[in-house]
Amino acid sequence: MVGKLKRLFMSKKFWKMYRTYLKSEAWQRKRRKVLIRDRYTCQKCGEKDRKLLQVHHKTYDRVFKESLSDLITLCKKCHKLEHNKRRRRRKKRKKKTTATSSGG
Ligand SMILES: [Zn+2]
Ligand SMILES: [Zn+2]
């Protein structure tokens, strides 16, 4: 990831740009290409309802200039799971082992 982009990434400004980008024609075209490549099918569970299909970034390394291999078709449900997974992984392990009180 380019230094400038890395700094920008995850900042409020980034998400504003990202949201604007998602509305852009360039993204819409790319998104459609991914959907066609994946045959309008969720790559996790096989859902084919187009209303539920979304395009997920496997990596944000080339965000705004993604290659199609950076993107994957997921349904709404799997997409949510994918993001939850990521969030959970990022969480720091604060507590080690708190002594379990015996009894109770
Ligand atoms: Zn799915
Ligand atoms: Zn996603």
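Residues numbered from 1 in each chain as written. Chains lettered and ligands numbered in written order. Predicted model: local features only at pLDDT ≥ 70, side-chain atom pairs only at ≥ 80, totals over all residues.

Digging into the pairing of strand S2 (residues 71–75)
Judged by how many residues are buried, S2 sits mostly within the fold: five of five residues are covered. Looking at chain direction, strand S1 (residues 53–57) and S2 are connected through five bridges and run antiparallel. Paired with Gln54 across the strands is Leu74, a residue of S2. (Buried ≥ 20, exposed ≤ 12 C-beta atoms within 10 Å, placed from the backbone. Helix = DSSP H or I, 4+ residues; strand = E, 2+ residues; numbered from the N terminus. Pairing = 2+ DSSP bridges.)

Quick look at unusual backbone geometry
Most peptide bonds take the trans form, and the phi angle of most residues other than glycine is negative. Its identity as a non-glycine residue notwithstanding, Tyr40 has a phi of 50°, on the positive side. Looking at where Tyr40 falls in the secondary structure, it is placed in the loop between helix H3 (25–37) and S1. Take Tyr40: there are 15 C-beta atoms within 10 Å of it, and that puts it in the partly exposed class. Phi at Phe64 is positive, roughly 80°, even though this residue is not glycine. Tracing the sequence through the fold places Phe64 in the loop between S1 and S2. Given 12 C-beta atoms within a 10 Å radius, Phe64 is considered exposed.

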